[in-house]
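Chain by chain, the residues:
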Amino acid sequence: MEKLIRLWEESLEQNTFIDAVWSNPRIKLDQYEKITCKRILLKSEVLLQFTLYKNNKAYHENCKLSEVAAFLRNNAQNFKQLQLYTTTYDYQALINKKGEANIKRKAATKKQDTSLSHNRQKQYILDEASSKEFLIHLGLMSNDGQIKPSKYDKYKQINKYLETIESVMSTLNQDFIRIIDFGCGKSYLTFAMYHYLTHIRGKQVEIVGLDLKEDVIAFCNDLAHSLGYTNLKFQVGDIGQYTTDKTIDMVVSLHACNTATDAALAKAVGWDAKVILAVPCCHHECYTQIHNPLLDPILKHGILKEKIASFITDGMRSLYLESVGYKVNVMEFIDMQHTPKNILIKAIRQGTPNPSALETYKALSEGMHLDLSLPRMLKDRISQ
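Residues numbered from 1 in each chain as written. Predicted model: local features only at pLDDT ≥ 70, side-chain atom pairs only at ≥ 80, totals over all residues. Heavy atoms only, no water.

Peer 1: Explain helix H12 (residues 355-367) to me, and be specific about the residues and the numbers.
Peer 2: Taking 1.5 Å as the rise per residue, H12 with 13 residues should run 18 Å; its terminal C-alpha atoms sit 18 Å apart, in good agreement. Restricting attention to buried positions, one finds in H12 the residues Ala-357, Leu-358, Tyr-361 and Ser-365. Here the buried residues of H12 occupy an arc of 100 degrees about the axis, which is enough to place them on one side. Exposed residues on H12 whose side chains face more than 90 degrees from its buried face are Pro-355 and Glu-366. Regarding H12, its N-cap is Asn-354, as a side-chain oxygen of that residue lies 3.1 Å from the backbone nitrogen of Ser-356 further along. Once H12 ends, the next one or two residues include His-369, with phi positive near 55 degrees. (Helix = DSSP H or I, 4+ residues; strand = E, 2+ residues; numbered from the N terminus. Expected span 1.5 Å × (residues − 1). Buried < 20%, exposed > 50% of the residue type's maximum accessible area, 1.4 Å probe, protein only. Arc of directions from axis to C-beta. Polar contact = N/O pair within 3.5 Å; in protein donor to acceptor, adjacent residues only side chain to side chain.)

What follows is the structure, given as structure tokens:
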């Protein structure tokens, strides 16, 4: 069974899988008589649909690619035969009573259904045809031009991010755009942003990615060079210490931990950046400070306090950005099933401070005994 599962997983990883059939049950009483499997696209996600046949009835079960091995161990142990069809070979496995498989390989007899690829092209900004080289370099696409099933969640996340970038293009209505990406990490989304702006939107850009990890920065610079992204640079550095005398049009901060997000927001406001996109991560500062007699019966539960602290922190950040002249939307970044860190703060500079928002911020801070970092980092900009 494990050998067959590895063979199955390899076909999924290499994007050669077409379909499969488990048949000839060893014990026929009260068991499934046959199981078939094919790929489907459901709500923009590639899944494997298993159809289980029993007593002339068919039962469907959809699995994520990561769930396939567990499904097969639970449901396919009783069968004597497997037919696995891929774009490279057909495999036939005959399984004895000990669970040992005699696997024969023949020339491929089926072609892969490409309708899934067509659907994705229609739905996503990062179309596969014009983005092939970029996607292959990032390991999301196989050399034959198909998104790898194991990388489809990442492909979906990138396109969701690009939808957010697209939504701010009216604000960045200019030929040249300069962007700082704080805490860029391995920079899938940074590379996607550069590709989208230059190759799809035809803009001239200069993007600097900043991160503390030297090995990550070296990797990103090498990849940028390989892709020919001449105006995409990566530097080792701390957000709070970074300075520039250039005009910055957009600041991005994805998953900067705790007050590092505040440092990124403060830098953006100090530069009068037109657009700020921040996906905060960790909210320890608020967690250690928050106190309110009315909320204490709830805050005594650590897990609830953690969630409340995260929402309060991002709500306070948004309110403070409004007070210094930004229009703010707080939205879902990607589906909660992919990551709990899915709140995105999108701020567009309006230019006019909002004294009412500042007074509300102060009242909330006093009521919850909070002294958060963002106002302190911007103390020279607003008279407290």
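Peer 1: Lay out the nonpolar core with the relevant residues and their values.
Peer 2: Most often, soluble globular proteins keep nonpolar side chains buried together rather than apart. In terms of nonpolar packing, the biggest core is built from 49 residues, with Phe-134, Tyr-161, Leu-162, Ile-165, Phe-191, Met-193 and Met-250 touching the most fellow members. Looking at this core element by element, the count peaks at 7 residues for helix H6 (residues 188-200). Dropping the residues within four chain positions of it, Tyr-161 is found in contact with Leu-189, Met-193, Val-252, Leu-254 and Phe-333. Among the nonpolar cores identified, the runner-up in size contains 40 residues, and Phe-182, Leu-299, Tyr-361 and Leu-370 belong to it. (Core = buried A, V, L, I, M, F, W, Y, C linked by side-chain atoms within 4.5 Å. Contact = heavy atoms within 4.5 Å.)

Peer 1: So what about the environment of Asn-292? Which residues, and what values?
Peer 2: Here Asn-292 lies in the loop between helix H9 (284-289) and helix H10 (296-299). A relative accessible area of 15% means that Asn-292 is categorised as buried. Between the C-alpha atom of Asn-292 and that of Lys-346, which follows or precedes it by 54 residues, the distance is 29 Å. Reaching out from Asn-292, the side chain makes a polar contact with the backbone oxygen of Gly-367 at a distance of 2.8 Å.

Peer 1: Give a description of the packing of aromatic side chains that names residues and reports values.
Peer 2: The tally for this structure, following the rule as stated, stands at 12 aromatic pairs. Note on Trp-8 and Phe-17: the rings are 5.6 Å apart at their centroids and 25 degrees apart in plane angle, and the pair reads as stacked. The same class applies to Trp-8 as to Phe-17, namely buried. Following the ring pairs from residue to residue traces out a cluster consisting of Trp-8, Phe-17, Trp-22, Phe-50 and Phe-71. We note Lys-34 situated over the ring of Tyr-53; from NZ or CZ to the ring centre the distance is 4.9 Å. Between Lys-154 and the ring centre of Tyr-188, over which it is positioned, the NZ or CZ distance is 5.0 Å. (Phe/Tyr/Trp six-rings, centres within 6.5 Å; stacked < 30°, edge-to-face > 60°. Lys NZ or Arg CZ within 6 Å of the ring centre and 35° of its normal.)

Peer 1: Go over unusual backbone geometry, please, and point to the residues and values.
Peer 2: Positive phi, normally seen in glycine, also occurs at Asn-15, with a value near 60 degrees. For Asp-272, which is not glycine, the phi torsion reads 55 degrees and is therefore positive. One can find Asp-272 in the loop between helix H8 (260-270) and strand E12 (275-281). Judged by relative accessible area, which is 34%, Asp-272 ranks as partly exposed.

Peer 1: Outline the sheet that holds strand E5 (residues 79-86), supporting the account with residue identities and numerical values.
Peer 2: Sheet strands pair via backbone hydrogen bonds, and the direction of the pair is either parallel or antiparallel. An order of E4-E3-E2-E1-E5-E6-E7 is seen for the 7 strands of this open sheet, with the pairing classed as antiparallel. This sheet does not close on itself; its edge strands, each paired only once, are strand E4 (57-63) and strand E7 (101-107). With strand direction ignored, the average angle separating the axes of adjacent strands in the sheet is 20 degrees. Two strands pair when backbone bridges link them, and E5 and strand E6 (residues 89-95) are joined in this way by 5 bridges, in the antiparallel orientation. Across the sheet, the residue bridging to Leu-84 is Tyr-91, located in E6. The strands that helix H2 (residues 68-75) touches are strand E1 (17-25), strand E2 (34-42), strand E3 (45-54), E4 and E5; relative to E3, the one it contacts most, it runs at about 5 degrees. (Pairing = 2+ DSSP bridges. Axes fitted to C-alpha atoms, helices over the stretch in contact; angles between N-to-C directions.)

Peer 1: Quick one: what's the story with the confidence of the model for the protein chain, residue by residue and with numbers?
Peer 2: Summary statistics for the protein chain give a mean pLDDT of 86 and a share of 92% for residues scoring 70 or more. Here residues 117-122 is modelled with pLDDT under 50, and outside its nearest four sequence neighbours on either side it reaches 11 contacts, counting other chains as well. Predicted confidence for residues 335-339 stays below pLDDT 50, and this span has 8 contacts to residues more than four positions away or in other chains. (pLDDT = per-residue confidence, 0-100.)

Peer 1: For the pattern of salt bridges, give the residues involved together with the corresponding values.
Peer 2: Side-chain pairs of opposite charge can arise where the charged atoms are in close proximity. Tallying each qualifying case throughout the model produces 7 salt bridges. In this structure, Glu-206 engages Arg-178 in a salt bridge whose closest nitrogen and oxygen atoms are separated by 3.0 Å. Of this pair, Glu-206 sits in strand E9 (residues 204-211) while Arg-178 sits in strand E8 (residues 176-182), and the two are 28 residues apart along the sequence. As a salt-bridge pair, Arg-376 and Asp-371 come within 3.2 Å of each other at their nearest N and O atoms. Judged by relative accessible area, Arg-376 falls into the partly exposed class, the value being 40%. Here the salt bridges share partners, and the residues they tie into one network are Arg-178, Glu-206 and Lys-246. (Salt bridge = Lys/Arg side-chain N within 4 Å of Asp/Glu carboxyl O.)

Peer 1: Now, about the state of the cysteines: what can you tell me, with residues and values included?
Peer 2: One pass over the full model with this rule turns up 0 disulfides. With no disulfide partner, Cys-281 has as its closest neighbouring cysteine sulfur the one in Cys-282, 3.5 Å distant. Cys-281 sits in the buried class, given a relative accessible area of 14%. Free cysteine: Cys-282, not disulfide-bonded; nearest cysteine sulfur from Cys-257 at 3.2 Å. (Disulfide = S-S within 2.5 Å.)

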